[in-house]
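Each chain, written out:
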Amino acid sequence: MAITLELTPEIEARLLAQAAAQGMTPEAFLKAAIENFLNAEPLVYRVGTTLVVQSTPIGNLETSVEQMREERINGLIADYESPI
């Protein structure tokens, strides 16, 4: 299946930079990113009138907070190092 997306110049530049940093083509980078997103997506279903989200347990709160901090710092560093 082929899908065409119109990206802003800023998003396109970030995509190209991230793909190059990973040593991937933009197409391969996007495909991997979409697959990761879909695999991580929680299952949502209805029980009566309530929506239930089934997700993987995240472990203890301290570990989760530390993981989020590291991801945020890495994201900020990547944004700072990108050519934009």
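Residues numbered from 1 in each chain as written. Predicted model: local features only at pLDDT ≥ 70, side-chain atom pairs only at ≥ 80, totals over all residues. Heavy atoms only, no water.

> How should I be thinking about the overall build of the protein chain in this particular structure?
Each helix and strand in the protein chain was counted, giving three helices and two strands. Each helix and strand of the protein chain, ordered N terminal to C terminal, gives the series α-α-β-β-α. By the burial criterion, 5% of the 84 residues in the protein chain qualify as buried. Here the analysis covers contacts within the protein chain between residues at least 6 apart in sequence; of these, 20% occur between residues at least 24 apart. (Helix = DSSP H or I, 4+ residues; strand = E, 2+ residues; numbered from the N terminus. Buried < 20%, exposed > 50% of the residue type's maximum accessible area, 1.4 Å probe, protein only. Contact = heavy atoms within 4.5 Å.)

> Can you walk me through helix 1 (residues 9-21) in this structure?
Along an α-helix, a turn takes 3.6 residues, which lines up residues three or four apart on a common side. Taking 1.5 Å of rise per residue, 13 residues should cover 18 Å, and helix 1 covers 18 Å from first to last C-alpha, within 8% of that figure. Remark: Gly23 follows helix 1 within two positions and exhibits a positive phi of approximately 70°. (Expected span 1.5 Å × (residues − 1).)

> Please clarify how the pairing of strand 2 (residues 50-54) should be interpreted in this entry.
The side chains of a regular strand alternate, residue by residue, between the two faces of the sheet. Pairing of strand 1 (residues 43-47) with strand 2 involves five bridges; the strand directions are antiparallel. Across the sheet, residue Leu43 finds its bridge partner in strand 2, namely Gln54. Here strand 1 folds back onto strand 2 in antiparallel fashion, the turn holding two residues, of which Gly48 has a positive phi close to 65°. (Pairing = 2+ DSSP bridges.)

> Looking at this model, I keep getting lost on a nonpolar patch on the surface. Mind explaining?
Together, Met1, Ile3, Leu5, Leu7 and Ile11 line one region of the surface with nonpolar side chains, adding up to about 610 Å² of accessible area. In this fold, Ile3 is placed in the segment before helix 1. For Ile3, a relative accessible area of 62% translates into the label exposed. (Patch = residues over 30% accessible without salt bridge, like charges linked within 9 Å, V, L, I, M, F, W, Y side chains within 5 Å. Areas by Shrake-Rupley, 256 points an atom, 1.4 Å probe, with all protein chains shown as cover. Salt bridge = Lys/Arg side-chain N within 4 Å of Asp/Glu carboxyl O.)

Everything listed is a geometric property; what it means functionally is a separate question.
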